[in-house]
Amino acid sequence: MKEEYIIVDDLSSFDIRQILDCGQIFRYAKTGEGEYVVFSGSKRLSVKQDGEKAVICGDREFARRFFDLERDYGAIKERLSGLPLMKESIAYGSGIRILNNDPFEMIISFIISANNHIPRIKGIIERLCNDLGEDMGGYHAFPAAQALAQKDENYYFAQGAGYRAPYLASTARAIAEGKFDIDSVREMPTPQAQKYLTSLAGVGPKVADCILLFGYHRTDVFPVDTWIKKVYRDLIGEGATSAQMRKRLIDTYKDLAGYAQQYLFFAKRDNG
């Protein structure tokens, strides 16, 4: 069967390295110069980009939605460009797009990500996929909630999850047993959705915002981490809590807050 592909020939708002390195996904690998493989749920996509175009190979309809290709990021950047700190950050990360990731994968991944670093996060997730995910032929899918729920916290400790182990066991059970309804989050106003997500073990306000932004494409949220705290100091100064920072930043960037967060986060972490 002939492999499906999409050619992106306007790279003004598409840079595969920036998209994958801006903190929104952990299942990907660089396979060559400008070549990446990325996994989401049970899907696998490969992307090869040079100075003229990007070629995305895999399920075409999935890729179109996953990479958010129907959205006009030029218009988003234009709206943001006059706001504080945006011009330089957008220029640095102009190829960023917010992925449409699987919500369950984002819940588990960002619980693992708390107070953690990228190589360790990726390693834990890879071990869970290889051990509990469906064999797709050459790679494994992200595990289903039912598969994760069958394991206790000792299993997650053994996978390297540390203090997050009981959170993973508890959250997987809550979702597998229907005590937490992932799909209902889509219908909730953002404040209600954030409160509902924080009812899960291991999900605080920052993790909830990451889940909403990267799993549900809610762009009126603003995850506040170490890098964003540095940005905030540049923008406003010292002396605010994470909750106060979040509110001030959402008030500044409004419905485009999530996009602003990605540009600011990437520029600060990647370029200092």
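All figures in this text were calculated on a predicted structure; none of them were measured in a lab.

A one-sided burial pattern is seen for strand β1 (residues 5-8), the buried positions being I6 and V8 and the unburied ones Y5 and I7. When β1 meets strand β5 (residues 54-57), the two strands line up antiparallel, connected through four bridges. Note that in β5 the partner of Y5 across the bridge is C57.

So, about helix α9 (residues 165-176). The first and last C-alpha atoms of α9 sit 17 Å apart over 12 residues, in line with the 16 Å expected at 1.5 Å per residue. Of all the residues in α9, the buried ones are A165, L168, A169, T171, A172, A174 and I175. Each element contacted by the buried residues of α9 is listed here: α5 (103-113), α7 (145-149) and α8 (153-158). Positioned one or two residues after α9, G178 has a phi angle of 80 degrees, which is positive.

What follows covers the UniProt feature "domain: HhH-GPD" (unreviewed entry) in the protein chain. Within this structure's numbering, the places UniProt gives as "domain: HhH-GPD" (unreviewed entry) are residues 112-269. The straight-line gap between the two end C-alpha atoms of residues 112-269 is 20 Å; of that span, 60% is helix and 0% is strand.

To continue, consider the sheet that holds strand β3 (residues 35-40). Within the open sheet, the five strands sit side by side as β1-β5-β4-β3-β2. Their pairing is antiparallel. Bordering the open sheet on either side are β1 and β2 (28-32), each of which pairs with just one other strand. Within this sheet the neighbouring strands show an average axis-to-axis angle of 20 degrees, counted without direction. Of the strand pairs in this sheet, β3 and strand β4 (residues 43-49) are connected by six bridges, and their pairing is antiparallel. Each bridged residue has a counterpart across the sheet, and for V37 the counterpart in β4 is S46.

By convention here, two paired aromatic rings are described through the distance between centres and the angle between planes. Overall, the coordinates contain 13 aromatic pairs when judged by the stated rule. Ring plane angle 75 degrees and centroid distance 5.1 Å describe the contact between F66 and F67, whose orientation is recorded as edge-to-face. F67 shares its class with F66; the two are buried. Measuring from centroid to centroid gives 6.0 Å for F104 and F142, while their planes differ by 75 degrees, and the two rings are edge-to-face.

The rules we used
Residues numbered from 1 in each chain as written. Predicted model: local features only at pLDDT ≥ 70, side-chain atom pairs only at ≥ 80, totals over all residues. Heavy atoms only, no water. Buried < 20%, exposed > 50% of the residue type's maximum accessible area, 1.4 Å probe, protein only. Helix = DSSP H or I, 4+ residues; strand = E, 2+ residues; numbered from the N terminus. Pairing = 2+ DSSP bridges. Expected span 1.5 Å × (residues − 1). Contact = heavy atoms within 4.5 Å. UniProt positions renumbered as here; feature names shortened; annotations may be inferred. Axes fitted to C-alpha atoms, helices over the stretch in contact; angles between N-to-C directions. Phe/Tyr/Trp six-rings, centres within 6.5 Å; stacked < 30°, edge-to-face > 60°.

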